[in-house]
Amino acid sequence: MTLTDHPIDTPPRAPSPVHGFGTLAVHAGSPHDPTTGAVIEAISLSTTFAQTAVGKPVGLYEYSRSSNPNRDNFERAVAALENAKYALSFASGSATTAVILQSLAAGSHVVSVSDVYGGTHRYFTQVAKAHGVKVTFTPEIEVDIREHITPETKLVWIETPSNPTLRLVDIRAVATQAHEHGILVVVDNTFMSPYVQNPLDHGADIVVHSVTKYINGHSDVVMGVAAFNSDAMKDRLGFLQNAIGAIPSPFDCWLAHRGLKTLHLRAKEATVNATAVAKALESSPHVIAVNYPGLDSHPHRGIARKQHRNGMGGGMLSFRVKGGHAAAERFCQTTTIFTLAESLGGVESLVEVPSSMTHAGIPKDQREAVGVFDDLVRISCGIEDAEDLKADVLQALEKAVVSPKISHGLNGFANGYIS
Ligand SMILES: *Cc1c(COP(=O)(O)O)cnc(C)c1O
């Protein structure tokens, strides 16, 4: 038997939407190597590709900024998972945002939800305007989007859930109103990952991800991706991907693709863990409030049921701890499994205090208006064991909230006794 007798299909059994998410995650964009049969793609580091005659490359590729095999395969996989026709990847989530904003003509107007990712807020307020693009922010986009639309409005930007308060936006409600005015809708789906939420299915035109988070999932790649269905958008954003050149390396594409193959397993486990931690926090006397879209107490639980796979809450949550900022800081220093660090979506669990870390750049009054108080702690649940995470959170609460009171009391007593 030779290879030509039984050619190795490329891809082996072409995945299609009839297949489930896990099957697509493992197989989409993962052809067997047609010459060696290798099941895992090679990392194609070559920057240039040979041509047999002038302008006649041997295969599909000419120069690696324009396209390369690892990037193509990764993009195919993301497109499959987001039910999109196309995906384009970039050097970071931020570069993805920048390229989408750059695709707008000077004079364009954008309406955005208020509590977007800090870097997105920075780009909207400090970079976009240099290109003549103006952004209006609203905390209640479903309610007042019409009031903000002008003849120049070209784009609506949604992040759902929001960061770090985990509020949800009804994508369908916003898309319906935006589309009446011919306005495109972008959803930053980083917090949910394509496993929990597929914004294009709810009417969005473009879905973006910081691949750095859940899609890569192992905290070792910075990368971004946008997925969509429009051919015209493929031409425009594909042109800018090449012209601006903020592209990911073949190695990063390979790593992110490897991470993506287990996204369904990781996202499921992160939800199980976040649900356990959220419930433990909710029943603790040391906690003021818990923000987790998987809890029935969440004000937008109905949107989660409609928009998220099986109503899953995802791996992210935040909570307000009793004892103010000092207690929040102590909590983050006292956990033993959760690492005190920014970022999210990795296999390892993380904690942080948004008011002095990820959201420190936002003025206090603006921060507090959207619920980012000094005592708010944000948690990214990884895929460790739920019981261990729960126990870690509960012991850290005791140390952060109860022990300082006791030692303060003892000190007071001791001082009084001595003096
Ligand atoms: C991290 C993040 C980004 C930015 O992505 P980078 O890969 O860090 O540039 C954008 N949106 C959200 C929601 C994020 O969490």
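The rules behind these values
Within any chain, residue numbers begin from 1 and follow the written order of that chain's sequence. Thresholds applied to this predicted model are a pLDDT of at least 70 for local features of residues and 80 or more for the giving and counting of side-chain atom pairs; totals over whole chains, interfaces and linings are not thresholded and use all residues. Only hydrogens and water are set aside; all other atoms, that is, all heavy atoms of the structure, feed into the side-chain values. UniProt positions are given in the numbering used here, feature names are shortened, and annotations may be inferred rather than shown by experiment. Only when DSSP finds a minimum of two bridges between them are two strands counted as paired. Strands here are runs of E lasting at least two residues and helices are runs of H or I lasting at least four, both read from the DSSP assignment and numbered beginning at the N terminus. Simply put, an axis is a line fit to the C-alpha atoms, just over the touching stretch for a helix, and the angle between two N-to-C directions goes from 0 to 180 degrees. We define the nonpolar core as a collection of buried residues of types Ala, Val, Leu, Ile, Met, Phe, Trp, Tyr and Cys that are connected through side-chain atoms lying within 4.5 Å of one another. Buried, partly exposed and exposed residues are distinguished by accessible area as a fraction of the type maximum, computed with a 1.4 Å probe on protein chains only: under 20%, between the cut-offs, and over 50%, respectively. Just so you know, the domain bounds were taken from an automatic or database domain assignment. We call two residues contacting when some pair of their heavy atoms lies within 4.5 Å. For any pair of parts, buried area is found by adding up, for both, the accessible area (1.4 Å probe) each one loses once the two are put together. The rule for a salt bridge is simple: a side-chain nitrogen of Lys or Arg has to be within 4 Å of a carboxyl oxygen of Asp or Glu. Pairing of N or O atoms within 3.5 Å defines a polar contact, subject to two protein rules: one partner must be a possible hydrogen donor and the other a possible acceptor, and residues neighboring in sequence count only if both atoms are side-chain atoms. Only rings of Phe, Tyr and Trp enter the pairing, Trp through its six-membered ring, and a pair is recorded when the two centres are within 6.5 Å. The plane angle decides the type: under 30 degrees is stacked, over 60 is edge-to-face, the rest tilted.

Going by what an unreviewed UniProt entry lists, the protein chain is known as cystathionine gamma-lyase and is assigned to Hyaloscypha bicolor E. Its UniProt record, at the heading Sequence similarities (unreviewed entry), says of the protein chain: "Belongs to the trans-sulfuration enzymes family." Within the UniProt record for the protein chain, the comment given under Cofactor (unreviewed entry) is "pyridoxal 5'-phosphate".

Student: What exactly am I supposed to notice about the sheet that holds strand β9 (residues 224-228) here?
Tutor: Strands in a sheet are paired, the pairing made by backbone hydrogen bonds, and the direction either parallel or antiparallel. Reading across the sheet, the seven strands line up as β3-β9-β8-β7-β6-β4-β5 and stay open at both edges, with mixed pairing between neighbours. Of all strands in the sheet, those bounded by a partner on one side alone are β3 (86-90) and β5 (134-138). When the angles between neighbouring strand axes are averaged without regard to direction, this sheet yields 20°. In this sheet, strand β7 (residues 184-188) lies alongside strand β6 (residues 153-159) in parallel orientation, the contact comprising five bridges. By the bridge assignment, Glu159 is partnered in β7 with Asp188.

Student: Can you help me understand the nonpolar core in this one?
Tutor: Generally speaking, a soluble globular protein has its nonpolar side chains buried in company with each other. Grouped together as the largest cluster of nonpolar side chains are 78 residues, with contacts concentrated most on Phe74, Ile100, Leu101, Val156, Trp157 and Ile206. Each of domain 1 (15-260) and domain 2 (264-410) contributes no fewer than three residues to this core. Counting residues in each nonpolar core, the second largest holds 27 residues, with Val277, Tyr292, Cys332 and Ala400 among its members.

Student: Would you explain the environment of Lys234 in this entry?
Tutor: With respect to the helices and strands, the residue Lys234 is situated in helix α8 (residues 231-244). Residue Lys234 is classed as partly exposed on the basis of its relative accessible area, which comes to 31%. For Lys234 and Gly314, which are 80 residues apart along the polypeptide, the C-alpha to C-alpha distance reads 30 Å. The residues contacting Lys234, other than those within four sequence positions of it, are Tyr86, Leu88, Phe228 and Phe239.

Student: Looking at this structure, how should I read the UniProt feature "modified residue: N6-(pyridoxal phosphate)lysine" (unreviewed entry) in the protein chain?
Tutor: Following the UniProt record, the feature "modified residue: N6-(pyridoxal phosphate)lysine" (unreviewed entry) maps to Lys213 here. Checked against the element boundaries, Lys213 lands in the loop between β8 (206-210) and β9. Residue Lys213 is classed as buried on the basis of its relative accessible area, which comes to 10%. In this structure Lys213 touches Tyr117, Thr190, Ser343, Leu344 and Gly345, once residues within four positions along its chain are discounted.

Student: Would you mind showing me how to read the domain arrangement of the protein chain here?
Tutor: By a frequent convention, interface size equals the accessible area lost on bringing the separate parts together. Looking at the assigned domains, one finds that the protein chain contains domain 1 (15-260) and domain 2 (264-410). Each of domain 1 and domain 2 has a C-alpha centre, and these two points are 28 Å apart. Facing 34 residues of domain 1, the contacting portion of domain 2 comprises 36 residues. Surface buried jointly by domain 1 and domain 2 totals about 3,000 Å² across both partners, of which 59% is contributed by carbon and sulfur atoms. Of all residues in domain 1, the largest losses of buried area upon contact with domain 2 belong to Leu168, Tyr195 and Tyr214, amounting jointly to 25% of the total for that side. For the interface between domain 1 and domain 2, the tally reads one salt bridge. Here Asp170 ties to Lys306 by a salt bridge, and the two come within 2.6 Å at their closest N and O atoms. At the boundary of domain 1 with domain 2, the tally comes to 18 residue pairs in polar contact (both at pLDDT 80 or more). Mapped by element, the contributors of at least two residues to the side of domain 1 that touches domain 2 are α1 (21-27), α6 (171-180), α7 (193-196) and α9 (250-260). Element by element, the count of residues in the side of domain 1 that touches domain 2 is highest for α1, at four residues.

Student: Hey, could you run me through the packing of aromatic side chains in this one?
Tutor: Within a pair of aromatic rings, the relevant descriptors are the distance that separates the centres and the angle that separates the planes. In total, this model carries seven aromatic pairs according to the counting rule given. Note on Tyr86 and Phe228: the rings are 6.1 Å apart at their centroids and 40° apart in plane angle, and the pair reads as tilted. With Tyr86 in strand β3 and Phe228 in strand β9, this pair connects stretches of sequence that are 142 residues apart. Phe228 matches Tyr86 in its accessibility class, with the two residues each being buried.

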